[in-house]
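# Structural features, examined
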Amino acid sequence: MKPVATMGDNCLDHYLPPLDREFVGGNALNVAVGLRDHGHDVAYAGAVGSDRAGTAVLAAARGRGIDTGHVHVGPGATGVTTIRVTDDGDRVFESEVLGESGTYRPGPATLADLGRRAWVHGAGLAGGVEGFTGLRRAGVRLS
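Described in the following lines is the structure provided in the data block. (Residues numbered from 1 in each chain as written. Predicted model: local features only at pLDDT ≥ 70, side-chain atom pairs only at ≥ 80, totals over all residues. Heavy atoms only, no water.)

### Points about the overall build of the protein
Helix and strand content of the protein: four helices and nine strands. Over its C-alpha trace the protein gives a radius of gyration of 15 Å, about what one expects of a compact globule, namely 15 Å for 143 residues. The dimensions of the protein, computed from C-alpha atoms along their principal axes, are 50 × 30 × 25 Å. Looking at the protein as a whole, 41% of its 143 residues qualify as buried. Residue pairs at least 24 apart in sequence account for 60% of intrachain contacts in the protein once pairs closer than 6 positions are excluded. On the protein, roughly 7400 Å² of surface is accessible, and the fraction owed to carbon and sulfur atoms is 53%. Of note, the protein has its 14 positive side-chain charges centred 11 Å away from the centre of its 16 negative side-chain charges. (Helix = DSSP H or I, 4+ residues; strand = E, 2+ residues; numbered from the N terminus. Rg over C-alpha atoms; globule rule 2.2 N^0.38 Å. Buried < 20%, exposed > 50% of the residue type's maximum accessible area, 1.4 Å probe, protein only. Contact = heavy atoms within 4.5 Å. Areas by Shrake-Rupley, 256 points an atom, 1.4 Å probe, with all protein chains shown as cover. Lys, Arg positive; Asp, Glu negative; His and termini not counted. Charge placed at Lys NZ, Arg CZ, Asp CG, Glu CD.)

### Section: unusual backbone geometry
A cis amide bond links Pro 17 with the next residue in sequence, Pro 18, at an omega value of 15°. Mapped onto the elements of the fold, Pro 18 is located in the loop between β2 (11-15) and β3 (21-25). Phi is positive for Asp 20, close to 50°, though the residue is something other than glycine. Its location among the elements puts Asp 20 in the loop between β2 and β3.

### Digging into the side chain of Thr 6
Looking at where Thr 6 falls in the secondary structure, it is placed in strand β1 (residues 4-8). A distance of 2.9 Å separates a polar side-chain atom of Thr 6 from the backbone oxygen of Ala 28. Not counting residues within four places of it along the chain, the set of residues in contact with Thr 6 comprises Ala 28, Val 31, Ala 32, Leu 35, Ala 43, Tyr 44, Ala 45 and His 121. (Polar contact = N/O pair within 3.5 Å; in protein donor to acceptor, adjacent residues only side chain to side chain.)

### Considerations on the sheet that holds strand β5 (residues 67-74)
Spatially, five strands are ordered β5-β4-β1-β8-β9 in an open sheet, and the strand pairing comes out parallel. Two strands close off the open sheet at either side, each with one partner strand: β5 and β9 (141-142). Summarising the sheet, β1 and strand β8 (residues 119-123) pair through five bridges and their orientation is parallel. Residue pairing across strands places Gly 8 opposite Ala 123, the latter belonging to β8. Running over the sheet, helix α2 (residues 52-63) touches β4 (42-49) and β5 and is turned about 175° from β5. (Pairing = 2+ DSSP bridges. Axes fitted to C-alpha atoms, helices over the stretch in contact; angles between N-to-C directions.)

### Some points on the environment of Gly 8
If you trace the backbone, Gly 8 turns up in strand β1. Taking the C-alpha atoms as reference points, Gly 8 and Tyr 104, 96 residues apart in sequence, are found 7.3 Å from one another. Ignoring sequence-local partners within four residues, the contact set of Gly 8 consists of Ala 28, Tyr 44, Ala 45, Gly 46, Ser 101, Ala 123 and Leu 125.

### Quick notes on α2
With 12 residues, α2 extends 16 Å between its outermost C-alpha atoms, agreeing within 8% with the 16 Å of an ideal straight helix rising 1.5 Å per residue. Listing the buried residues of α2 in full gives Ala 53, Gly 54, Val 57, Leu 58 and Ala 61. Down the axis of α2, the buried set is contained in an arc of 135°. They therefore lie on one face. Of the exposed residues in α2, those oriented more than 90 degrees away from the buried face are Arg 52, Thr 55, Arg 62 and Gly 63. Residues of α2 that are buried in the fold lie against β2, β3, α1 (27-37), β4, β5 and β6 (78-85). A positive backbone phi angle near 85° is found at Gly 65, which sits one or two residues after α2. (Expected span 1.5 Å × (residues − 1). Arc of directions from axis to C-beta.)

What follows is the structure, encoded as structure tokens:
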């Protein structure tokens, strides 16, 4: 099976009290985890900050067997989404700070590697579909 990849957002989901817990999340990273859980060889490309949250995101991804070789560690903060759970169990997204993930743009080496993969999922990309143009020409399936 040819390797796949995801590219884009990640964050810490901070749930307010009474839950008062944090979970690693973000669309692109969540999809990477799901693909890996289904047996795929997965690389994740994105950006984290040089903070505790960035360390947690990288540790969680690596702990799930995801290749993080294309993750940029920037000087800023890692994204954090603050979530409140209502009495009936609905999630309300109170705030979203994108951090380093909000400015991530894949470099040439990352795009070259992703271009050899069977499929790439992108979400929350600062440059929008800009990074996908060359991947499409390389014949990579995209979502």
